[in-house]
Amino acid sequence: MKPRSGTPRETICRTCGGRIYWVLTTSGKTIPLDAKPAADGNLRLDSGVTHYVPRGVAHTGPLYRIHFGACADALLKRKGKERASG
């Protein structure tokens with residue numbers, strides 16, 4: 001699901017059901033972010049494009065986290081593995 005340039009696309013994660021934004025990186029790749037800003041986030045959105053903000057660097061506006069950190073199943077699927085049951 002590619003967002004239109006400069007427009008984050010809000011959807012629901014098919015794996016965990018969480019709200020996510022599909023956004024562009026500065027290199028033009030599409031990544032999922034948790035839709036809710038996070039106190040420990042390190043990605044800033046500027047016109048629908050993510051920019052990395054190192055810890056301790058002053059910034060304005062909300063910061064977000066990549067969704068793979070919150071969705072373990074998504075990370076396993078990305079690596080081509082299945083989650084062990086039990």
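The text that follows walks through the structure, step by step, so that each part is easy to find.

Parameters and conventions
Residues numbered from 1 in each chain as written. Predicted model: local features only at pLDDT ≥ 70, side-chain atom pairs only at ≥ 80, totals over all residues. Heavy atoms only, no water. Helix = DSSP H or I, 4+ residues; strand = E, 2+ residues; numbered from the N terminus. Contact = heavy atoms within 4.5 Å. Polar contact = N/O pair within 3.5 Å; in protein donor to acceptor, adjacent residues only side chain to side chain.

1. Considering the environment of Thr26
Okay, step 1: Here Thr26 shows up in the loop between β2 (19-24) and β3 (30-34).
Okay, step 2: Taking the C-alpha atoms as reference points, Thr26 and His51, separated by 25 residues in sequence, lie 6.7 Å from one another.
Okay, step 3: What Thr26 contacts, discounting residues up to four positions off in sequence, is Val49, Thr50 and His51.

2. With respect to the environment of Arg65
Okay, step 1: As for its placement among the helices and strands, Arg65 is situated in the loop between β5 (49-52) and α1 (72-78).
Okay, step 2: As a C-alpha pair, Arg65 and Arg44 span 21 residues in sequence and 9.0 Å in three-dimensional space.
Okay, step 3: Among the polar contacts made by the side chain of Arg65, one reaches the side chain of Asp40 at a distance of 3.3 Å.

3. Quick word on the environment of Val53
Okay, step 1: Structurally, the position occupied by Val53 is in the loop between β5 and α1.
Okay, step 2: With 12 residues separating them in the primary sequence, Val53 and Gly41 have C-alpha atoms 8.5 Å apart.
Okay, step 3: In contact with Val53, not counting residues within four places along its chain, are Asn42, Arg44, His59 and Leu63.

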